Amino acid sequence: MLKFLLILALAYQPTIALAESPTADPKASPAYADAVVLGTCSGLYNFLAIVYKMQRNRTNVKNALAESQLWRVSTKGALYEAGFGRIKVIVNSDSLIEAEQERMQALMAVTPKHVTTDLNAGLKTCQENVPMHEKYTKLMEARAK
């Protein structure tokens, strides 16, 4: 009986593997690539808040943190769209954001003269991706309803 079950399982194994879609990996989806861009923007705004805090500019700190939060929401929307579950969305969005923030902090520690150039280039990329940001923010708003 055990041999029969083993043979039956082996016979159906290729069928099971074929039944899975080739895009089952959420990281292979275009929405994940969008999430990386959006998370990078959120991390840049977090870093910008740190810079403003060092300059003792409270108003700009609040604005940068608010902007970072908006980009965080759209990052989560893109991750949901990519097919991640709730917990993985939270973990991945935080990881993407923290990675960019820490990259900028490391750049500041090693080559401070290049930070402004890199920050401005990153923020320009964020401005170019505002439509994508709005798209995923709307998805998250619809998801909340």
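Everything discussed here concerns the structure shown above.
Description of the structure in this document.

Rules used in this analysis
Residues numbered from 1 in each chain as written. Predicted model: local features only at pLDDT ≥ 70, side-chain atom pairs only at ≥ 80, totals over all residues. Heavy atoms only, no water. Salt bridge = Lys/Arg side-chain N within 4 Å of Asp/Glu carboxyl O. Helix = DSSP H or I, 4+ residues; strand = E, 2+ residues; numbered from the N terminus. Buried < 20%, exposed > 50% of the residue type's maximum accessible area, 1.4 Å probe, protein only. Contact = heavy atoms within 4.5 Å. Disulfide = S-S within 2.5 Å.

### Side note on the pattern of salt bridges
Taken as a whole and judged by the stated rule, the model has 3 salt bridges. The residue Arg 103 makes a salt bridge to Glu 100 at a minimum N-O spacing of 2.9 Å. Taken together, the residues span about one helical turn, with Arg 103 and Glu 100 both in helix 4 (residues 86-110) at a distance of 3 residues. Among the ionic pairs, Arg 103 bridges to Asp 118, the shortest N-O distance being 2.7 Å. Within this pair, whereas Arg 103 is found in helix 4, its partner Asp 118 is found in helix 5 (residues 115-128), the two being separated by 15 residues in sequence. Under the relative-accessibility criterion, Asp 118 is labelled partly exposed at 26%.

### A short note on the environment of Phe 47
Its location among the elements puts Phe 47 in helix 2 (residues 30-54). Taking C-alpha positions, Phe 47 is 8.9 Å from Leu 119, a pair spaced 72 residues apart along the chain. Every residue in contact with Phe 47, bar those within four places of it in the chain, is listed here: Gln 101, Met 104, Gln 105, Met 108, Val 115 and Leu 119.

### Section: the state of the cysteines
Taken as a whole and assessed by the stated rule, the structure comprises 1 disulfide. Bridging Cys 41 to Cys 126, the disulfide has an S-S length of 2.1 Å. Its torsion about the S-S bond being -115 degrees, the disulfide of Cys 41 and Cys 126 is classed as left-handed. Remark: Cys 126 occurs in helix 5 and Cys 41 occurs in helix 2; sequence separation between them is 85 residues. Residue Cys 41 is classed as buried on the basis of its relative accessible area of 1%.

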